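Observations on the three-dimensional arrangement
One-letter residues, chain by chain:
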Amino acid sequence: MPETIQIAELVNVTKIYSRSGGETTALSEVSVKVCPSELVLLLGPSGSGKTTMLTIMAGLQKPTAGNVFLFGKRLQEFSKPELQQIRANRIGFIFQTFCLIDSLSVLDNVLLVMKFAGFAKDEALQRAVEFFERLEIKHLMRAFPQTLSQGEKQRVAVARALATGAELIIADEPTGSLATQQGMLIVDFLRKSCQSEGRCVVIASHDERISNFADRVLHLRDGIIQLHNPILS
Amino acid sequence: MYALKTLLKQYRRFVITSFGIALCVVLMLFLLAIYKGVADGSVRYISDSDADLWVLQKYSSNILRGTSLIPINQGNIIKEIPGVSIIAPVLFFSANINMPGVMGTVHLTGYDITTGKGGPPEIYKGNSLTADSQIILDRAFATKYKIGLNDKIPIKDDTLVVTGLSSGTNMFVYQYAFITLKKAHSLVGFPGIVSCFQVKLEEGADKVKIAESIRSRLPNAAVFDRDTFLQNNIHEMESGFLPMLFVIAVIGAIVLTALLSLILSVYILEQRQDYAIIKALGAPAGFIPGTVVRIALILTTSGMTIAILLFFPLIKIVEKVTPEVAAVTSPGQIMTVLAGLLIISLISSLFPILKLRHIYPLELFK
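Here the residue numbers are simple positions, counted from 1 along each chain's written sequence. Both sets of labels track the order of writing: A upward for chains, 1 upward for ligands. For this predicted model, a pLDDT threshold of at least 70 governs which residues receive local features, and a threshold of 80 or more governs which side-chain atom pairs are given and counted, while totals over whole chains, interfaces and linings are taken from all residues. Each side-chain value is derived from all of the structure's non-hydrogen atoms; neither hydrogens nor water enter the calculation.

With respect to the overall build of chain B
For chain B, the count of helices and strands is eleven helices and twelve strands. Both definitions apply: the radius of gyration is a C-alpha atom measure, and the globule rule equals 2.2 Å times residues to the power 0.38. A compact globule built from 366 residues should have a C-alpha radius of gyration of about 21 Å, whereas chain B, at 29 Å, is more than 25% larger. Dimensions of chain B, computed from C-alpha atoms along their principal axes, come out at roughly 95 × 50 × 30 Å. Buried positions account for 49% of the 366 residues belonging to chain B. Contact between two residues is taken to exist if any of their heavy atoms lie within 4.5 Å; hydrogens are not considered. Long-range pairs, those at least 24 residues apart, make up 80% of the contacts in chain B with a sequence separation of at least 6. On chain B, roughly 17,100 Å² of surface is accessible, and the fraction owed to carbon and sulfur atoms is 63%. Numbering of helices and strands starts at the N terminus; helices are DSSP runs of H or I of at least 4 residues and strands are runs of E of at least 2. For the exposure calls, accessible area comes from a 1.4 Å probe over protein chains only, and a residue counts as buried if that area is under 20% of its type's maximum, exposed if over 50%, partly exposed in between. Only the protein chains shown count as cover for residues, and all accessible areas are computed by the Shrake-Rupley method using a 1.4 Å probe.

Quick notes on the overall build of chain A
Looking only at helices and strands, chain A has six helices and ten strands in total. Against the 2.2 N^0.38 benchmark of 17 Å for 233 residues, chain A shows a C-alpha radius of gyration of 17 Å, consistent with a compact globule. Each of the 233 residues in chain A was classed as buried or not, and the buried ones make up 55%. A separation of at least 24 residues holds for 70% of the contacts in chain A among residues at least 6 apart in sequence. Accessible area of chain A: about 10,300 Å², with a carbon and sulfur share of 48%. As used throughout, the charge tally considers Lys and Arg to be positive and Asp and Glu to be negative, leaving His and the chain termini uncounted. Charge coordinates come from a single atom per side chain, which is NZ of Lys, CZ of Arg, CG of Asp or CD of Glu. For chain A, the distance from the average position of its 25 positive side-chain charges to the average position of its 24 negative side-chain charges is 4 Å.

A short note on the environment of Tyr176(B)
Residue and element names in this part refer to chain B. Position of Tyr176 relative to the elements: it lies in strand S9 (residues 175-180). Along the sequence, Tyr176 and Gly240 sit 64 residues apart, while their C-alpha atoms lie 18 Å from each other. Excluding its chain neighbours within four sequence positions, the residues that come into contact with Tyr176 are Ser42, Tyr45, Ile63, Leu64, Phe92, His107, Thr109, Leu137, Asp138, Thr169 and Met171.

A word on the confidence of the model for chain B
The predictor attaches a confidence to each residue, called pLDDT, with possible values from 0 through 100. Looking at chain B as a whole, its pLDDT mean stands at 91, while 100% of the residues score no less than 70. Predicted complex, confidence summary: ipTM 0.91, pTM 0.80.

Some thoughts on empty space enclosed by the protein
For each structure, a 1 Å grid was placed over the protein atoms alone; sets of points admitting a 1.4 Å probe that cannot get out are labelled cavities, open sets with protein on both sides within 12 Å along at least five of seven lines are labelled pockets, and lining residues have an atom within 4 Å of a point. Grid points are joined across faces, edges and corners, and a volume is the space filled by probe spheres set on the points. For the structure shown, the criterion picks out one cavity of 30 Å³ or more. Roughly 70 Å³ of volume is contained in the largest cavity. Lining the largest cavity are Arg87(A), Ala88(A), Ile91(A), Gly92(A), Phe93(A), Val113(A), Arg160(A), Ala161(A), Thr164(A) and Leu281(B). Listing elements by their share of the lining of the largest cavity, those giving two or more residues are helix H2 (80-89), strand S6 (91-94) and helix H5 (150-162) of chain A. In terms of residue count, S6(A) provides more of the lining of the largest cavity than any other element does, three residues in total. Side-chain classes are defined by residue name, with Ala, Val, Leu, Ile, Met, Phe, Trp, Tyr, Cys and Pro counting as nonpolar, Asp, Glu, Lys and Arg as charged, and the others, Gly among them, as polar. Taken together, the residues of the lining of the largest cavity break down into six nonpolar, two polar and two charged.

Comments concerning the domain arrangement of chain B
Residues and elements named next belong to chain B. Each domain's limits were defined by an automated method or a database of domain assignments. Looking at the assigned domains, one finds that chain B contains domain 1 (2-42 + 240-365) and domain 2 (59-219). Put simply, the middle of domain 1 and the middle of domain 2, counted by C-alpha atoms, are 46 Å apart. In this complex, domain 1 contributes nine residues to the contact, which on the side of domain 2 involves 13 residues. Buried area: the accessible area, evaluated with a 1.4 Å probe, that two parts lose upon being put together, summed over both parts. A combined buried area of about 940 Å² lies between domain 1 and domain 2, and 63% of that area is made up of carbon and sulfur atoms. By salt bridge we mean one thing: a side-chain nitrogen of Lys or Arg within 4 Å of a carboxyl oxygen of Asp or Glu. The interface formed by domain 1 and domain 2 holds zero salt bridges in total. The definition of a polar contact used here is a pair of N or O atoms within 3.5 Å, where within protein one atom must be able to donate a hydrogen and the other to accept one, and adjacent residues in sequence count solely through side-chain atom pairs. Linking domain 1 with domain 2 are zero residue pairs in polar contact (both at pLDDT 80 or more). Its residues assigned to classes, the side of domain 1 that touches domain 2 comprises five nonpolar, three polar and one charged.

Quick look at the nonpolar core
In these notes, a set of buried Ala, Val, Leu, Ile, Met, Phe, Trp, Tyr and Cys residues joined through side-chain atoms within 4.5 Å is what counts as a nonpolar core. Counting residues in hydrophobic clusters, the biggest one holds 161 residues, and the most contacted among them are Leu70(A), Leu190(A) and Ile278(B). Take this core: its biggest share by element is 17 residues, from helix H2 (residues 11-47) of chain B. The contacts of Leu70(A), once residues within four sequence positions are left out, are Ile7(A), Ala8(A), Met57(A), Ala58(A), Gly59(A), Leu75(A), Phe78(A), Leu83(A), Ile86(A), Ile91(A) and Leu168(A). One finds Val84(B), Leu91(B), Leu160(B) and Ile214(B) within the second-largest nonpolar core, a separate group that totals 40 residues.

Some words on the interface of chain B and chain A
With 20 residues of chain B in contact, the opposing surface of chain A contributes 25 residues. For the pair chain B and chain A, the two sides together bury roughly 2,200 Å², of which 70% comes from carbon and sulfur. Of all residues in chain B, Lys9(B), Leu281(B) and Phe365(B) give up the largest surface area on contact with chain A, accounting jointly for 31% of the area buried on that side. At the surface where chain B touches chain A, the tally comes to one salt bridge. One salt bridge in this structure joins Lys5(B) and Asp108(A), with 2.3 Å as the shortest N-O distance. If you look at where chain B meets chain A, you find four residue pairs in polar contact (both at pLDDT 80 or more). Mapped by element, the contributors of at least two residues to the side of chain B that touches chain A are helix H1 (2-9) and helix H9 (272-280) of chain B. The leading source of residues in the side of chain B that touches chain A is H9(B), at five residues. Here the side of chain B that touches chain A is built from residues that sort into 13 nonpolar, two polar and five charged.

Some words on the sheet that holds strand S1 (residues 8-19) of chain A
Hydrogen bonds between backbone groups are what pair the strands of a sheet, and the pairing can be parallel or antiparallel. All names here are of chain A. What the four strands build is an open sheet, ordered S2-S1-S4-S5; its pairing is antiparallel. A single partner strand is all that each edge strand has here, and the edge strands are strand S2 (22-34) and strand S5 (73-74). Where S1 meets S2, nine bridges bridge the pair, whose relative direction is antiparallel. Following the sheet pairing, Glu9 is matched in S2 by Lys33. The criterion for strand pairing is that DSSP finds at least two bridges linking the strands in question.

Concerning a nonpolar patch on the surface
Residues and elements named next belong to chain B. On the surface, a cluster of nonpolar side chains totalling about 490 Å² of accessible area is made up of Val247, Ile251, Val255, Leu259, Leu262 and Val266. When you line up the elements, Val255 lands in helix H8 (residues 242-270). Relative accessible area serves as the criterion here: at 40%, Val255 is assigned to the partly exposed category. A patch consists of residues exposed above 30% relative accessible area that lack any salt bridge, with like charges linked at up to 9 Å and nonpolar side chains (Val, Leu, Ile, Met, Phe, Trp, Tyr) linked at up to 5 Å.

So, the packing of aromatic side chains
Residue and element names in this part refer to chain B. The pairing test for Phe, Tyr and Trp rings, Trp by its six-membered ring, is centres within 6.5 Å, and the orientation test on the planes gives stacked under 30 degrees, edge-to-face over 60, and tilted for anything in between. Enumeration over the complete set of coordinates arrives at 17 aromatic pairs over all chains. Pairing Tyr45 with Tyr176 gives two aromatic rings, centres 5.0 Å apart and planes at 25°, and the pair type is stacked. Residue Tyr45 is found in helix H2, and its partner Tyr176 is found in strand S9; the two are separated by 131 residues along the sequence. Here Trp54 and Phe229 contribute two aromatic rings whose centre-to-centre distance is 4.5 Å and whose plane-to-plane angle is 25°, an arrangement assigned as stacked.

Encoded structure:
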């Protein structure tokens, strides 16, 4: 049986946070693998470990125990510049609060990350416009984030995450600040991007409706994967 | 691009900060200009003189501070030395001018008007001395006390008519005034003494040999070549209050560095989330520190630009209000301040850049 190419893999990962009041186990010996062309939903209530799993998967923090593999290489083997390059070129982020830079226009927000990814100016502009068209926000290119609606902001954030051609999209509660219909449109767009462009999208959310779009759903509670549902084959 | 857009996003703060920096820069430029103006004014009398040798009383080294008294007949001995062309005896002493609206001190300089040597470096207005009853005042002194040509000035028991105004004779603390040597002797009450001889040599004469000759014939005299004498006076001038101006300018620069560092720290605090986003999105390691430095450079550049626009009109106003303040600005000074600002930008960025280490992408994940 041919081996599935993995984007990221967590093997017996444990994450413990030390605080003044004691220790908190955010993840407890979890193992999960995510691959291209799939949308994986991490479903669970607040404090279940979804965001911790996301951030470890993205290389933003190291586990207390266990191994993390990102694009086939152990996380510990990446140098800081290598991790920075990975995040610029191969990982895209979508945040609940959008996290757009207010002092830059919509276009500049996207061009900034493309600059980090090493795109030439002309190519960056072309790709940015292409995604703006697909997300139907081309008319907002020169606008500033403060003037946009929540839905428009999230679409800009999606454009920013996808424009670099990132293979792994990390989305932390992407629908959390949006109305239902807007949120589902965003997730649908991500789903299509998975299928057409071979990306892997990992969404952390407590919104069960996203399950309708996911290839797999991992139910987390208290740092443990309680249920692992492959929804679509 | 990002640095400039960050600043322009809060346009009012950018303008106010730039103005604040501009005022610090104006202060530094002003102090340096005063320093140069006073320094030049203090020694221009010597630097503009064409004397090859200066002869003073033994153990005297300058004419700014200290007393030098030499018998005037010793000039005859110097004159006999082969190679000596012109001897200019000069008598310096301080005198108070007391009249309605004027209470000042001048550095009276009595010189031989037949040779013209030892007189003012430049006549700004009016004429040279032609009679003992005349006086040439420094233009700053005259402007300050609203004294014009042909006005009468009481000095001791005498009254002199202002025949000319000189420039290059302003020592800030007080100014030169020129009278004939004969009048100087009469005011001092000792006709047989001078403060120094300014010696002009013939073309091709051996300066060193003649200086030695003077020393051997006048054992109670100190002989200096022009350059050494100029340095002595510069040294004397710099040991006065002038270094204080420089110190104040340096303090101004330190204050500016601290203020700029604080401003940059505030920017970082306010842009914390932006920097966390930029880190999360894979910015190269030097991008954010580079942005902080660029912000510092943009602020100091705009401050410098405003300072240049403000400085020259301000100097004109200051010179009008306090004429004895002689400010001299040179391109070198401006370049020095610019270079200083560059260094200030870099140093003031250091502490805020250190704070960047404590901004984490994880802050974005709530």
